[in-house]
Amino acid sequence: MNLNWKTVLWWSVLGGFGLTVGAGIARLLYMILVATLAIDQILPWLAGTTSS
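Draft legend 1. Quick look at the overall build of the protein. Per the secondary structure count, the protein includes 1 helix and 0 strands. Along the first, second and third principal axes, the C-alpha set of the protein runs to 75 × 10 × 5 Å. Buried residues in the protein amount to 0% of all 52 residues.

Draft legend 2. A look at a nonpolar patch on the surface. A cluster of nonpolar side chains, Phe17, Val21, Ile25, Leu28, Leu29 and Ile32, forms an exposed patch at the surface whose accessible area comes to about 590 Å². In this fold, Phe17 is placed in helix H1 (residues 2–51).

Draft legend 3. Molecular detail of the environment of Arg27. Tracing the chain through its elements places Arg27 in helix H1. The class of Arg27 is exposed, set by a relative accessible area of 53%. With 17 residues separating them in the primary sequence, Arg27 and Pro44 have C-alpha atoms 26 Å apart.

Draft legend 4. Quick look at the environment of Gly15. Topologically, Gly15 is positioned in helix H1. Taking the C-alpha atoms as reference points, Gly15 and Asn4, separated by 11 residues in sequence, lie 16 Å from one another.

Rules and cut-offs
Residues numbered from 1 in each chain as written. Predicted model: local features only at pLDDT ≥ 70, side-chain atom pairs only at ≥ 80, totals over all residues. Heavy atoms only, no water. Helix = DSSP H or I, 4+ residues; strand = E, 2+ residues; numbered from the N terminus. Buried < 20%, exposed > 50% of the residue type's maximum accessible area, 1.4 Å probe, protein only. Patch = residues over 30% accessible without salt bridge, like charges linked within 9 Å, V, L, I, M, F, W, Y side chains within 5 Å. Areas by Shrake-Rupley, 256 points an atom, 1.4 Å probe, with all protein chains shown as cover. Salt bridge = Lys/Arg side-chain N within 4 Å of Asp/Glu carboxyl O.

Just geometry here; none of it tells us what the structure is for.
Written out as structure tokens, the structure reads:
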């Protein structure tokens with residue numbers, strides 16, 4: 001029973017860590033995507049404002 005409890009605890013910690021890392025990576029990729037889209041929108045606007 002003690003071994004089983006430790007195994008369950010270990011897997012729950014490992015699973016929680018994996019989810020946290022996965023969420024962090026997903027958020028980072030999302031931020032990169034948003035930043036890329038924002039730059040694509042802002043650069044032509046900046047070029048238009050500086051040229052005019």
